Amino acid sequence: MSPRTPGADLPEHPDSLWRNAEPRRSYDVVIVGGGGHGLATAHYLAKNHGITNVAVVEKGWLAGGNMARNTTIIRSNYLWDESSAIYEQALKLWEGLEEDLGYPILFSQRGVLNLAHTLQDVRDSVRRVEANKLNGVDAEWVEPDEVRKICPIVNTSADIRYPVLGATYQPRAGIAKHDYVAWGFARRADEAGIDLIQDCEVTGFATTGNRVTGVHTTRGTIGAGRVALCAAGHTTVLTDMLGIRVPVQSHPLQALVSELLEPVHPTVVMSNAVHVYVSQAHKGELVMGAGVDSFNGFGQRGAFHVIERQMAAAVELFPVFARAHLLRTWAGIVDVSPDASPIVGMTPYDGLYLNCGWGTGGFKATPGIGWALAHTIAHDEPHPSVAPFTLDRFVTGALVDEHGAAAVAH
Amino acid sequence: MQLIACPWCGPREEVEFSYGGQAHVPYPDAPGELSDEEWAHYVFFRDNPKGRFAERWNHSAGCRRWFNAIRDTATYRFERVYRLDDARPVTS
């Protein structure tokens, strides 16, 4: 059998998917941040609300921040009603996204296993499975022998430091090709007449009284009827300009890939206890994510000891990985909120909408938050799916506490 | 690995330390008089600057003592370490 050429089944890169727009003097809506969330919001503003006098301003290049740095895992098996609702809404949109965008995004519903290694893990996992079922999310508890059937390379021996006692399984979960997702949204937004403006950093805001009326940028001042912030780890750099305090802390979150390998890993495996999450990308590289570096950081790089610990965990769980070589490591900047849930919606300023705090989980929400934020901007009130995620929940106490509760590797 | 200069032990590897977040956040003087919003800001809200940040570190696998540092969150460079009972140094 001749070896399969890695990447042979991927489509060719097109020459150009969008105009490289110059900024105009003003727009109805300016979205700050040309990553997945910003581009998806632009797409749904045009598609669902007919709002096309829109600019997406990006300080670097499109989808070059966390959209280029995540581990592409998509799932909706969160514990709390509020979280599973928004992630499940996103997952349903993912399921129709190739058709909607008319662009391949290589969405592969290969399932995700969240491993349990302790009795407390088992109890929490079973509880989450039952909560998921009540919320209409596909979820099941699987025993170690079933884990072995779903993913034969997982070490299910009882003789390891953190034995696999079982797992939760969400069959509809999976991965997508992150660049294609961004390009698909960008192409659609561009076709609708939306300006995607790269190399355009916001340096300040124009305000009249309590209303935001535009953004000052490195390419001049751009007037805006409404402004939405989709800047992930750099959100507080923007909100500090307006004197709005937002309770997020930015951390480096590292990930890495191996060289290209034959297909060995048929699903997605996450483990909170030993802290690694792994899938195999379409081209063949093993994609692994770590936990955040402890300190606040905006440097898009982290400490190597975090990678070492992550590799130790990966090799313990997947002995076959011991011979794989590390190709590349990098970090994104994730904005983590006190309850590990996003902060979305209205702000103390009229015409300014916030979308941040997604922490380590923003990619999977991309179409869901784009849909909900577009609605929020168009109607000047929160979409029902983001209504629980207000900024003032930290005053009222109505937190959505997903820290450690949702199989999330925070 | 990055070396962090513990004020008591000198330069040690980063793995020996744990992070304590923003420094100089005093417990409220009159906690009974705080509004919900003021409590929220004390409990949940911390600065998150890109650049110089005064923060707490603990030499947890060494002398186990806390200290403060001025560190640049963009470059990760430690500019100053100082004792908890020192005032925040003036940095240019």
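These numbers come from a predicted model, not from an experiment. (Residues numbered from 1 in each chain as written. Chains lettered and ligands numbered in written order. Predicted model: local features only at pLDDT ≥ 70, side-chain atom pairs only at ≥ 80, totals over all residues. Heavy atoms only, no water.)

Draft legend 1. Spotlight on the nonpolar core. Residue and element names in this part refer to chain A. In this structure, Ile31 and Trp94 are the most contacted members of the largest nonpolar core, which totals 55 residues. When contributions to this core are tallied by element, the ones reaching two or more residues are β1 (26–32), α1 (36–49), β2 (54–57), α2 (81–95), α3 (97–101), α6 (178–191) and α9 (366–379). Per-element tally for this core: the top contributor is α6, with 7 residues. In contact with Trp94, other than residues within four places in its own chain, are Ile74, Ile105, Phe107, Ala176, Val181, Phe363, Lys364, Thr366 and Pro367. Among the nonpolar cores identified, the runner-up in size contains 31 residues, and Cys200, Val227, Val248 and Leu352 belong to it. (Core = buried A, V, L, I, M, F, W, Y, C linked by side-chain atoms within 4.5 Å. Buried < 20%, exposed > 50% of the residue type's maximum accessible area, 1.4 Å probe, protein only. Helix = DSSP H or I, 4+ residues; strand = E, 2+ residues; numbered from the N terminus. Contact = heavy atoms within 4.5 Å.)

Draft legend 2. Geometry of the pairing of strand β5 (residues 66–72) of chain B. Residue and element names in this part refer to chain B. Burial analysis of β5 places 6 of its 7 residues in the buried class, the great majority of the element. Direction of pairing for strand β4 (residues 52–58) relative to β5: antiparallel, over a ladder of 7 bridges. Opposite Arg52, over in β5, you have Asp72 as the bridge partner. Sheet topology note: the β5/strand β6 (residues 78–82) ladder contains 4 bridges and is antiparallel. Following the sheet pairing, Arg71 is matched in β6 by Phe78. Between β5 and the antiparallel strand that follows it, β6, lie 5 residues; Tyr76 among them carries a positive phi value of about 70°. (Pairing = 2+ DSSP bridges.)

Draft legend 3. Representation of the pattern of salt bridges within the structure. Residue and element names in this part refer to chain A. Scanning all chains against the criterion turns up 18 salt bridges over all chains. Measuring nitrogen to oxygen at the nearest pair gives 3.2 Å for the salt bridge that ties Asp195 to Arg24. Note that Asp195 is positioned in strand β8 (residues 195–197) and Arg24 in the segment before β1, a separation of 171 residues in sequence. Given the relative accessible area of 40%, Arg24 is considered partly exposed. Taking the shortest distance from any N to any O, the salt bridge between Lys92 and Glu88 comes out at 2.9 Å. Here Glu88 and Lys92 lie together in helix α2, a separation of 4 residues that amounts to about one turn. Residue classification places Glu88 among the buried residues on the basis of a relative accessible area of 5%. Residues joined by salt bridges that share partners form a network here, namely Glu88, Lys92, Glu95, Asp138 and Arg172. (Salt bridge = Lys/Arg side-chain N within 4 Å of Asp/Glu carboxyl O.)

Draft legend 4. Region of the structure containing the sheet that holds β5 of chain B. Residues and elements named next belong to chain B. Within the open sheet, the 4 strands sit side by side as β3-β4-β5-β6. Their pairing is antiparallel. Only two strands of the sheet have a single neighbouring strand rather than two, namely β3 (18–22) and β6. Across the sheet, the mean angle separating the axes of adjacent strands is 30° when strand polarity is ignored. (Axes fitted to C-alpha atoms, helices over the stretch in contact; angles between N-to-C directions.)

Draft legend 5. How the structure looks around the domain arrangement of chain A. All names here are of chain A. Here the domain parsing of chain A yields domain 1 (26–70 + 179–247 + 339–406) and domain 2 (108–172 + 249–333). Each of domain 1 and domain 2 has a C-alpha centre, and the two are 29 Å apart. Opposite the 11 residues of domain 1 that make contact, domain 2 presents 12 residues. Of all residues in domain 1, Arg69, Gly233 and Thr360 give up the largest surface area on contact with domain 2, accounting jointly for 49% of the area buried on that side. Viewed at the interface, domain 2 and domain 1 are joined by 0 salt bridges. Inspection of the domain 1/domain 2 interface yields 5 residue pairs in polar contact (both at pLDDT 80 or more). Considering only residue class, the side of domain 1 that touches domain 2 consists of 4 nonpolar, 6 polar and 1 charged. (Domains from an automatic or database assignment. Buried area = accessible area lost by both parts, 1.4 Å probe. Polar contact = N/O pair within 3.5 Å; in protein donor to acceptor, adjacent residues only side chain to side chain. Nonpolar A, V, L, I, M, F, W, Y, C, P; charged D, E, K, R; others polar.)

Draft legend 6. Inspection of unusual backbone geometry at higher detail. All names here are of chain A. A positive phi angle is found at Ala63, which is not glycine, with a value near 55°. Along the chain, Ala63 falls in the loop between β2 and β3 (73–74). With a relative accessible area of 5%, Ala63 lands in the buried category. One non-glycine residue with positive phi stands out, namely Ala340, at about 60°. Inspection of the secondary structure assignment puts Ala340 in the loop between β16 (326–336) and β17 (343–346).

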